[in-house]
Amino acid sequence: MNDLIIHVFHTGEVCVAPALPFGGDCGILKASGIFEKKSHRLWLPVSAYLIESKQGRILFDCGWHRDMSPDGVYDEKAQIKSLGSLALYKINQGRIGKGQAINEQLETMGIKPNDLDYVLLSHLDCDHANGLKLISEAKHILVSKDELAFSQKGLTNRIRYNKDWWEGTKLENFDWNGQEGPVYKSYDLFGDGHFMMINIPGHSDGLCALKITNDEGRYVLLYSDGGYATKSWKEQIPSGIAANREEQKASLVWIKEMSEDPNCVESLANHDANVFPHTITL
């Protein structure tokens, strides 16, 4: 296979206060939406991506676990159990329709979890890593060393992250082996420049974008939660949740530069309501 084929999936939705994706410099309390009216909240897609290439099958993020919505509908008790925290549930509600879990969507393509050569995690937030055990039989599961360390840092992160989502899987952490990106930290998966995990910190310390590049230098940028929509980088609107506000803004500037490059075929946020499931051929 010479082409790079990228499948954009929606693995359910997440419900958040508007200030979480588009809050700019608001405080964490406003971004959390704890005191926000439910009617004001936004339902946004939760994306995951399968890349088919000559190097193998690579999954970027995995969305919600089926146990968030056992019957395919919003289920408060099931979500609190899956997330492991009432506080986290108050910030992030979710739902995942029947057939939308990542393993279910792969199955319709004739792909089993052990057919995946790599699962790459942009970071360890619930709507990116909660479904990890659905594809735990993948050959390799990778997350940045910085992200794993960040997930274990402080009381806030012990609420934000639940190690039960990945504990018991063969999660491996990688260290940076390159200098691409806003803070000059990147990881070249195969050493050939085709799959670059690029550190875009701010939302979390170890947050990564995935840059997928073909032999002609054309690329697709999957920038996860570096911004929540195209308007995030066009208007330079950071999200309301930030581990480091200045790093977050610098990462958003970098995303804009990369997205406007003539070689960029598509630039996709994980939760953009204007992005629908589709296939990209590079």
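This report concerns the structure included in the present document. (Residues numbered from 1 in each chain as written. Predicted model: local features only at pLDDT ≥ 70, side-chain atom pairs only at ≥ 80, totals over all residues. Heavy atoms only, no water.)

If you look at the biggest cluster of nonpolar residues, it comprises 43 residues, and the most contacted ones within it are Ile-102, Leu-116, Val-119, Leu-121 and Ile-135. Counting only elements with at least two residues in this core, the list comes to β1 (5-16), α1 (19-22), β2 (42-53), α4 (86-91), α5 (102-108), α6 (126-129), β6 (141-144) and α7 (145-151). Top element by residues in this core is β2. It accounts for 4 residues. Among residues more than four places away in sequence, those in contact with Leu-116 are Leu-50, Arg-57, Leu-59, Leu-106, Ile-111, Ile-135, Ala-138 and Lys-139. Of all hydrophobic cores here, the second largest spans 25 residues; its members include Leu-4, Ile-6, Cys-208 and Leu-282. (Core = buried A, V, L, I, M, F, W, Y, C linked by side-chain atoms within 4.5 Å. Buried < 20%, exposed > 50% of the residue type's maximum accessible area, 1.4 Å probe, protein only. Helix = DSSP H or I, 4+ residues; strand = E, 2+ residues; numbered from the N terminus. Contact = heavy atoms within 4.5 Å.)

Listed in full, the buried residues belonging to helix α3 (residues 76-83) are Ala-78, Gln-79, Ser-82 and Leu-83. Down the axis of α3, the buried set is contained in an arc of 120 degrees. They therefore lie on one face. Seen from the buried face of α3, the exposed residues on the opposite side, beyond 90 degrees, are Lys-77 and Lys-81. In this structure, the buried residues of α3 make contact with α4, β4 (93-95) and α6. The N-cap residue of α3 is Asp-75: its side-chain oxygen and the backbone nitrogen of Lys-77 are 3.4 Å apart. Residue Gly-84 follows α3 closely and has a positive phi angle near 80 degrees. (Arc of directions from axis to C-beta. Polar contact = N/O pair within 3.5 Å; in protein donor to acceptor, adjacent residues only side chain to side chain.)

Looking now at the packing of aromatic side chains. Under the definition given, this model contains 8 aromatic pairs. For the ring pair Phe-150 and Tyr-161, a centre distance of 6.0 Å and an interplane angle of 80 degrees mean the geometry is edge-to-face. Linking Phe-150 in helix α7 with Tyr-161 in the loop between α8 (154-160) and β7 (171-174), this pair joins segments that are 11 residues apart in sequence. Arranged with centres 6.4 Å apart and planes meeting at 70 degrees, the rings of Trp-165 and Trp-166 form a pair that is edge-to-face. Taking the relative accessible area as the measure of exposure, Trp-165 reaches 3% and is therefore buried. Note on Trp-166: relative accessible area 9%, which makes it buried. In textbook terms, an aromatic cluster arises when at least three aromatic residues are bridged by ring pairs, as seen for Tyr-118, Phe-190 and Phe-195. Lying over the aromatic face of Tyr-219, Lys-211 brings its terminal NZ or CZ to 4.8 Å of the ring centre. (Phe/Tyr/Trp six-rings, centres within 6.5 Å; stacked < 30°, edge-to-face > 60°. Lys NZ or Arg CZ within 6 Å of the ring centre and 35° of its normal.)

As a further point, take the side chain of Asp-125. Within the secondary structure layout, Asp-125 lies in the loop between β5 (118-120) and α6. Those residues in contact with Asp-125 that sit more than four places away from it in its chain are Asn-130, Arg-160, Tyr-161, Trp-165, His-203 and Asp-225.

Moving on: a nonpolar patch on the surface. Together, Ile-28, Leu-29, Ile-34 and Phe-35 make up a nonpolar patch on the protein surface, roughly 470 Å² of accessible area in all. Structurally, Ile-34 is set in the loop between α2 (28-32) and β2. (Patch = residues over 30% accessible without salt bridge, like charges linked within 9 Å, V, L, I, M, F, W, Y side chains within 5 Å. Areas by Shrake-Rupley, 256 points an atom, 1.4 Å probe, with all protein chains shown as cover. Salt bridge = Lys/Arg side-chain N within 4 Å of Asp/Glu carboxyl O.)

The next thing to look at is the pattern of salt bridges. For the coordinates displayed, the defined rule picks out 12 salt bridges. Residues Asp-25 and Lys-249 are paired through a salt bridge, measuring 3.2 Å at the closest nitrogen-oxygen approach. You can see Asp-25 sitting in the loop between α1 and α2 and its partner Lys-249 sitting in helix α10 (residues 245-259), a full 224 residues away along the chain. For Lys-249, a relative accessible area of 30% gives the class partly exposed. Put simply, Asp-125 and Arg-160 hold a salt bridge, and the shortest N to O gap is 2.7 Å. Placement of Asp-125 in the loop between β5 and α6 and of Arg-160 in helix α8 is noted, with a sequence separation of 35 residues between them. Assigned by exposure class, Asp-125 and Arg-160 land together as buried. Look at the salt bridges and you will find they share partners, linking Asp-25, Arg-245 and Lys-249 into a network.

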